[in-house]
Each structure stands twice: as C-alpha cells, then as structure tokens.
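If you want the building blocks of each chain, they are given just below.
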Amino acid sequence: MDTFSEDQSARQELKALRSEQSELANVLWLALAGMLLLTACMGVYLLRQNYLLHRQSLMQKSAAEESIQRNEQLMAIAAEFQKYGASHPDYASNVLSRFGLKPITGTAAQPGH
C-alpha cells in the first residue's frame, strides 16, 4: 500500500505542478499582451508627437522667413537714413544717435539733398 499512496501523492504533486505551470504560463501571456499593448500605445503617441512637431516647425519656418524678409527691408530703409545722415550732421546727431546708428557714406546719397 505504501507504493499506492506514494503513487497517489506523486500524481497529486504532478497535477499541482502542472496547474501552477499553467497559471504561470497564463500570467506570462498576459504580461506579454500588456507589454505589446503598451508598446503599441507608445508608438502611436510618438508618431502623433512627431506629426505635431513637424507641422509646428513648418509654421515656424514660414514665420521666420517672413521675419527675415521684413528685417531685410527695414535694414535697407535704415541704410538710406544713414546715407542721408552722412550729408546732414544735425540729422545724424539728433535722430540717428537715438537709435544707435552711425551715418555712412554711400554712392546713392548726394550731398545737399
């Protein structure tokens, strides 16, 4: 009878181990599914952020180009004022000095005008 009870207890242990193995496999599959879901969500989030940042950079690029064009126009006008200040010292000392500009001599500025 000892062998029968030993066989019976070994079968119960084996059954318990198989049950635990099955539970562990289920837990691992759930963990894998969770990791895949988390990875997919993170990927979608990063793709969305990439898209939004790309759109934002395109808008900023066009705004920067407009700003550069306006700045070039303003610098061209300022150069004309500086040329005028080269032939008119009172204008240079009163107006240009307020804005930190110095008179420049230019071929387009004619003295006396």
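Residues numbered from 1 in each chain as written. Predicted model: local features only at pLDDT ≥ 70, side-chain atom pairs only at ≥ 80, totals over all residues. Heavy atoms only, no water.

Caption draft 1: Molecular detail of the overall build of the protein chain. Scanning the protein chain from terminus to terminus reveals 2 helices and 0 strands. Against the globule reference of 13 Å for 113 residues, the protein chain gives a C-alpha radius of gyration of 41 Å, more extended than a compact globule. C-alpha atoms of the protein chain, sized along the principal axes, occupy 130 × 20 × 20 Å. Looking at the protein chain as a whole, 8% of its 113 residues qualify as buried. Working note: accessible area of the protein chain is about 10,100 Å², and carbon and sulfur atoms make up 62% of it. Across the protein chain, 10 positive and 11 negative side-chain charges occur, with their mean positions spaced 17 Å apart. (Helix = DSSP H or I, 4+ residues; strand = E, 2+ residues; numbered from the N terminus. Rg over C-alpha atoms; globule rule 2.2 N^0.38 Å. Buried < 20%, exposed > 50% of the residue type's maximum accessible area, 1.4 Å probe, protein only. Areas by Shrake-Rupley, 256 points an atom, 1.4 Å probe, with all protein chains shown as cover. Lys, Arg positive; Asp, Glu negative; His and termini not counted. Charge placed at Lys NZ, Arg CZ, Asp CG, Glu CD.)

Caption draft 2: Expanded view of the environment of phenylalanine 4. Among the secondary structure elements, phenylalanine 4 is positioned in helix H1 (residues 2–87). Once the C-alpha coordinates of phenylalanine 4 and leucine 101 are considered, the two residues, 97 residues apart in sequence, prove to be 109 Å apart.

Caption draft 3: A look at the pattern of salt bridges. If you walk through the whole model with that rule in mind, you get 2 salt bridges. Of the charged contacts, one joins arginine 70 and glutamate 66 as a salt bridge, the two residues approaching to 3.5 Å between their closest N and O atoms. Residue arginine 70 and its partner glutamate 66 are located together in helix H1, separated by 4 residues, close to a single helical turn. Taking relative accessible area as the criterion, arginine 70 reaches 48% and is therefore assigned partly exposed. (Salt bridge = Lys/Arg side-chain N within 4 Å of Asp/Glu carboxyl O.)

Caption draft 4: The arrangement of the environment of isoleucine 77 in detail. The residue isoleucine 77 is located in helix H1 in this model. Here the alpha-carbon distance between isoleucine 77 and leucine 46, two residues 31 residues apart in the chain, equals 46 Å.

Caption draft 5: Expanded view of the packing of aromatic side chains. Across all of its chains, the model carries 2 aromatic pairs by this definition. With a centroid separation of 6.4 Å and an interplanar angle of 35 degrees, the aromatic rings of phenylalanine 81 and tyrosine 91 are classed as tilted. Remark: tyrosine 91 occurs in helix H2 (residues 89–94) and phenylalanine 81 occurs in helix H1; sequence separation between them is 10 residues. An angle of 80 degrees between the planes, with centres 5.0 Å apart, marks the rings of tyrosine 84 and tyrosine 91 as edge-to-face. Of the aromatic side chains, those joined through ring pairs into one cluster are Phe81, Tyr84 and Tyr91. (Phe/Tyr/Trp six-rings, centres within 6.5 Å; stacked < 30°, edge-to-face > 60°.)

Caption draft 6: Region of the structure containing the side chain of glutamine 82. Looking at the secondary structure, you find glutamine 82 in helix H1. With sequence-adjacent residues up to four places away left out, glutamine 82 is seen in contact with Leu96, Leu101, Lys102, Pro103 and Ile104. (Contact = heavy atoms within 4.5 Å.)

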